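# A look at the structure
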Amino acid sequence: MLRGTRALTLTTALAPLVWGTTYLTTTELLPPDRPLLAAALRALPAGLLLVAWTRVLPQGSWWWRAAVLGTLNIGGFFALLFVAAYRLPGGIAAVVGALTPVLVALVAPRLTGERSSPTALVAGLLGLVGVVLLVLRSEVVLDPLGLLAGLGGAVSMAFGVLLTKRWGRPAPLLALTGWQLLAGGLLLAPLALAVEGAPPPFDPTAVAGYTYLALVGTALAYALWFRGVAALPVARVAALGLLSPVVAATAGWLVLEQSLTPLQLAGATIVIAAVALAQLHGRTPPPPSPGAPTPGRTRHLT
């Protein structure tokens, strides 16, 4: 049981580890100044592929639930992240995003029934401090709209994770992932056209970048993420998201030859310690069988 829990935690952690490569992929492979296009092309093709592959459509209330989860986890989250990234320094945007584990720890008892613990809250706050040390610079300019968008993105992701846990899984994992990606992509595509205009011509480098983001950074990563949300205590899963800025900073150091100061290294160490601390929270139920609803949530699946 313990070995299975560790394996599930490690595979769930692969999602934020992959998401940490998004900045590097975007800056090095994709056309500049097209973040909404990148978000739409991450979500929509991946969603279409998974829905076509599984051939499973939502039933009953899951039509609107899939739309809500797709908006919170994908479409709304990506759009708010885009606004925050453009109006705030990257460090501030990352710090605001790191509020997600704290929000999950505070709201989980009411929304999912999982008992909160001081350990989960301390881990979230510790991770926030670590992210501040890792990414924050002294030359910061705070934009109110950017801050609101960043906070909205953190809230969107937090409630997306919590509702995914509350409503359970009414269909195979890849089908549920596909529904959310498709719903989020359908929200992002017209938004990208309205804000950024028609897509530019793609060279082979851009095609490779978009393909990586859609297949690995989105379809695979979100399937692993939603699998972990369904089977692990939600506070544990939310804390794993703190690994993303650590990977982003490490990738910048390795590939872009960006410097890492002792303070940043200390921040990365604190983040990793916070993630490890969060894994002590709660006991893990056995993973649900493929296609089975989450135990105790069957009444929500009609």
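Refer to the structure presented above.
Residues numbered from 1 in each chain as written. Predicted model: local features only at pLDDT ≥ 70, side-chain atom pairs only at ≥ 80, totals over all residues. Heavy atoms only, no water.

## Concerning the overall build of the protein chain
Broken down by element type, the protein chain carries 13 helices and 0 strands. Across the protein chain, helices and strands are ordered from the amino to the carboxyl terminus as α-α-α-α-α-α-α-α-α-α-α-α-α. The 302 residues of the protein chain split such that 52% are buried. Taking the contacts inside the protein chain whose residues are at least 6 apart along the sequence as the reference set, 91% of them involve residues at least 24 apart. With an accessible surface of roughly 14,000 Å², the protein chain has 71% of that area assigned to carbon and sulfur atoms. (Helix = DSSP H or I, 4+ residues; strand = E, 2+ residues; numbered from the N terminus. Buried < 20%, exposed > 50% of the residue type's maximum accessible area, 1.4 Å probe, protein only. Contact = heavy atoms within 4.5 Å. Areas by Shrake-Rupley, 256 points an atom, 1.4 Å probe, with all protein chains shown as cover.)

## Details of the packing of aromatic side chains
Evaluation of the coordinates by the stated rule reveals 8 aromatic pairs. Centroid distance Phe77 to Phe78: 5.9 Å. Interplanar angle 45°. Geometry classified as tilted. The burial state of Phe77 is the same as that of Phe78; both residues are buried. Following the ring pairs from residue to residue traces out a cluster consisting of Trp19, Tyr222, Trp225 and Phe226. (Phe/Tyr/Trp six-rings, centres within 6.5 Å; stacked < 30°, edge-to-face > 60°.)

## Comments concerning helix H6 (residues 100–111)
Structurally, the α-helix is built with 3.6 residues per turn, so residues lying three or four positions apart point the same way. Buried within H6 we find Thr100, Pro101, Val102, Val104, Ala105, Ala108 and Leu111. Directly beyond the C-terminal end of H6, a positive phi value near 85° is found at Gly113.

## Side note on the nonpolar core
One finds Phe78, Val131, Trp179, Leu188, Tyr222 and Trp225 to be the most contacted residues of the largest nonpolar core, which totals 64 residues. Those residues in contact with Phe78, other than ones at most four positions away along the chain, are Ala39, Arg42, Leu188 and Tyr222. One finds Leu30, Leu37, Ala38 and Tyr210 within the second-largest nonpolar core, a separate group that totals 6 residues. (Core = buried A, V, L, I, M, F, W, Y, C linked by side-chain atoms within 4.5 Å.)

## Quick look at the side chain of Asn73
Note that Asn73 resides in helix H4 (residues 62–87). We classify Asn73 as buried; its relative accessible area is 1%. Within the structure, Asn73 has its side chain in polar contact with the side chain of Thr164 (distance 3.3 Å). Apart from the residues lying within four places of it in its own chain, the contact partners of Asn73 are Met157, Gly160, Val161, Thr164, Gln180, Tyr222 and Phe226. (Polar contact = N/O pair within 3.5 Å; in protein donor to acceptor, adjacent residues only side chain to side chain.)

## Description of the packing of H6 against helix H8 (residues 144–167)
Running from amino to carboxyl end, H6 crosses H8 at an angle of 40°, the nearest separation of the two axes being 9 Å. Crossing hand, H6 versus H8: right-handed. For the pair formed by H6 and H8, the contact residues are Thr100, Leu103, Val104, Val107, Ala108 and Leu111 on the first element and Ala154, Val155, Met157, Ala158, Phe159, Leu162, Leu163 and Arg166 on the second. Among the residues making up the contact of H6 with H8, the classes are represented as 12 nonpolar, 1 polar and 1 charged. (Axes fitted to C-alpha atoms, helices over the stretch in contact; angles between N-to-C directions. Left-handed = near helix turned anticlockwise from the far one by under 90°. Nonpolar A, V, L, I, M, F, W, Y, C, P; charged D, E, K, R; others polar.)

## What about helix H3 (residues 35–54)?
Over its 20 residues, H3 runs 29 Å from end to end, which matches the ideal 28 Å to within 8%, given 1.5 Å per residue. Every buried residue of H3 is listed here: Leu36, Leu37, Ala38, Ala39, Ala40, Arg42, Ala43, Ala46, Gly47, Leu50, Val51 and Thr54. A positive backbone phi angle near 55° is found at Arg55, which sits one or two residues after H3. (Expected span 1.5 Å × (residues − 1).)

## Concerning the side chain of Gln279
Mapped onto the fold, Gln279 is located in the segment after helix H13 (262–278). Among the polar contacts listed, one links the side chain of Gln279 to the backbone oxygen of Val275, at a separation of 3.0 Å.

## Notes on a nonpolar patch on the surface
Together, Leu151, Val155 and Phe159 line one region of the surface with nonpolar side chains, adding up to about 210 Å² of accessible area. For Val155, the position within the fold is in helix H8. Relative accessible area serves as the criterion here: at 32%, Val155 is assigned to the partly exposed category. (Patch = residues over 30% accessible without salt bridge, like charges linked within 9 Å, V, L, I, M, F, W, Y side chains within 5 Å. Salt bridge = Lys/Arg side-chain N within 4 Å of Asp/Glu carboxyl O.)

## Overview of the environment of Gly150
Relative to the helices and strands, Gly150 is located in helix H8. When its relative accessible area of 9% is taken as the criterion, Gly150 is described as buried. Spatially, the C-alpha atoms of Gly150 and Phe82 are 8.9 Å apart, while their sequence positions differ by 68 residues. Setting aside residues no more than four positions away along its own chain, Gly150 makes contact with Ala84 and Val96.

## A word on the packing of helix H7 (residues 118–135) against helix H12 (residues 243–255)
Interaxial distance between H7 and H12 falls to 10 Å at its minimum, and their mutual angle equals 20°. The angle between the axes of H7 and H12 places the two elements in the roughly parallel class. When the axes of H7 and H12 are compared, the crossing they make is left-handed. Facing Val131, Leu134 and Val135 of H7, the residues of H12 in contact are Pro245, Val246 and Ala249. By residue class, the composition of the contact of H7 with H12 is 6 nonpolar, no polar and no charged. (Parallel < 35°, antiparallel > 145°, perpendicular 65-115°, else oblique.)

Shape is all these values report; function is a separate question.
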